[in-house]
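Survey of secondary and tertiary structure
Read off the chains here:
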Amino acid sequence: MKNSQKGLIVPLLIIVALLIIGGAYVVYENISIEPLSIVKTKVQQSNEIQPVNTQTPKINTQKDSINIIKATTNTVAQSLPPLNFNKPLTTSEDNQAFLDDLNKRPAMELISAWKQQITKTNYAQLDFLEIALSMKIKANPDSTEAKAIYSFANDFLKNGTPNDSGTRIRLVKWLGQGGGVPVVGILLNLFDQTSDKELQREILSQLINISSISYGSNAEAISRIFETRWHDAVIPKDMSSGSVLFTFGPAIAKLGTSGGVKVLLDDVLRGGQTRSYFKSNADLKSQIALMALDQVRSDSSIALLAQGMKGSSDDMRLFASGETLTNISSPASTKVLVDWAVQADDTDAILVENWLSRLRDTDSRKVVRYLFIDPVTFHSDQVKQAVARAIKSY
């Protein structure tokens, strides 16, 4: 009897052991699966912008990336309830909660929702949906989710609702809010292909917006695209002609790269080497270039502009460089102006007072005040008085 019991116990123990090992393996497999947030992070990595040609960039659809996003969408769909576009958004808390919910969703789900909601009247919810889509792009323009959005946008603009200008304008707006080199390519391609003037105006407006929110290598790449468009643009006959130069000039200036500012400065000097000649002979492209330099705010071109602070007050390069440094209005740009003012002649006093009195920020004004706190010797007493008057205007 005892032997028979032992014979039963041994197989049972072996079975139990196998079950324990198998269960542990299943638990291990479940634990080792990465959380969705990590998967999404890995999908979105590749934050480095590749060098781009100055031609309008082309967007390539990457099927593998879209398949990854679709798989992620399916996983999210299992854990989140469907989006509710019928719930009224009556408070700021409601708005934030709805936006937070949207931000948890993968791009493909948001795209699907946008295509459904664009024909309905839930405009408040649609606005937040478009914000969430633009944030996907802005967070990482090179992510697989962003690429899925670009693929959808290209296909929609090419094949979807060609006669519905309002829908296309909405799409252009939220793409522009996302920004990035690929979006610039999409918008410029659409601009070249459409004859819809209202849509073209919206595209140009969003290109200006993109230039305002782009920094670093992203700004460099976009600036090169705009510089090419600037070079190729036809010189308008008059200021009311609606030339694209009125977009690409300010856009280049807002990006503020050294190369972009040089392009604008070169066109200013093409209009005349002296202020008197420029006033009488400069064409509209040169005039637009000079006006565009008012939009420069980045410090990136200060070294270039400092090289232009030579010559007389009638010198066009000096005038354009000084105007741009004044508009940058940072301590670094102000230091260049102050160093020039200390050595300036009597004839420069008017420019000195004009430029230094227009400085906007407190730190730049401190740089000017230090000329009297830690006294320096001015080359011109008239310039010294001009500096004093500028300080008095603060």
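Residues numbered from 1 in each chain as written. Predicted model: local features only at pLDDT ≥ 70, side-chain atom pairs only at ≥ 80, totals over all residues. Heavy atoms only, no water.

Some points on the nonpolar core
Ranked by size, the top nonpolar core spans 100 residues in total, and within it Trp 114, Leu 175 and Phe 226 carry the most contacts. Sort the elements by how many residues they give to this core and helix α9 (residues 181–193) lands first, with eight residues. (Core = buried A, V, L, I, M, F, W, Y, C linked by side-chain atoms within 4.5 Å. Buried < 20%, exposed > 50% of the residue type's maximum accessible area, 1.4 Å probe, protein only. Helix = DSSP H or I, 4+ residues; strand = E, 2+ residues; numbered from the N terminus.)

Brief notes about the confidence of the model for the chain
Per-residue confidence for the chain gives a mean pLDDT of 84, with 78% of residues at or over 70. Per-residue pLDDT stays below 50 along residues 1–74; that stretch engages in 61 contacts with residues further than four places along the chain or on separate chains. (pLDDT = per-residue confidence, 0-100. Contact = heavy atoms within 4.5 Å.)

A word on the environment of Arg 275
Looking at the element boundaries, Arg 275 is found in helix α14 (residues 275–281). Given a relative accessible area of 31%, Arg 275 falls into the partly exposed group. Taking the C-alpha atoms as reference points, Arg 275 and Leu 318, 43 residues apart in sequence, are found 9.6 Å from one another. Setting aside its immediate chain neighbours within four residues, Arg 275 contacts Ser 313, Asp 314, Asp 315, Met 316, Phe 319 and Leu 351. A distance of 3.0 Å separates the side chain of Arg 275 from the backbone oxygen of Ser 313, its partner in a polar contact. (Polar contact = N/O pair within 3.5 Å; in protein donor to acceptor, adjacent residues only side chain to side chain.)

Regarding the packing of aromatic side chains
Under the counting rule described, the total for this entry stands at eight aromatic pairs. Measuring from centroid to centroid gives 5.8 Å for Trp 114 and Phe 152, while their planes differ by 80°, and the two rings are edge-to-face. Highlighted residues: Trp 114 in helix α5 (residues 107–117) and Phe 152 in helix α7 (residues 144–159), separated in sequence by 38 residues. With centroids separated by 5.4 Å and ring planes inclined at 75°, the aromatic side chains of Trp 114 and Phe 156 adopt a geometry described as edge-to-face. Of this pair, Trp 114 sits in helix α5 while Phe 156 is found in helix α7, placing the two residues 42 residues apart along the sequence. (Phe/Tyr/Trp six-rings, centres within 6.5 Å; stacked < 30°, edge-to-face > 60°.)

A few points about the packing of α5 against α7
Following both chains from N to C, one finds α5 and α7 inclined at 30°, their axes separated by 9 Å at the closest point. When the interaxial angle is binned, α5 and α7 end up roughly parallel. With respect to the hand of their crossing, α5 and α7 are arranged in right-handed fashion. Across the interface between the two elements, Ala 107, Met 108, Ile 111, Trp 114 and Lys 115 of α5 pack against Glu 145, Ala 148, Ile 149, Phe 152 and Phe 156 of α7. (Axes fitted to C-alpha atoms, helices over the stretch in contact; angles between N-to-C directions. Parallel < 35°, antiparallel > 145°, perpendicular 65-115°, else oblique. Left-handed = near helix turned anticlockwise from the far one by under 90°.)

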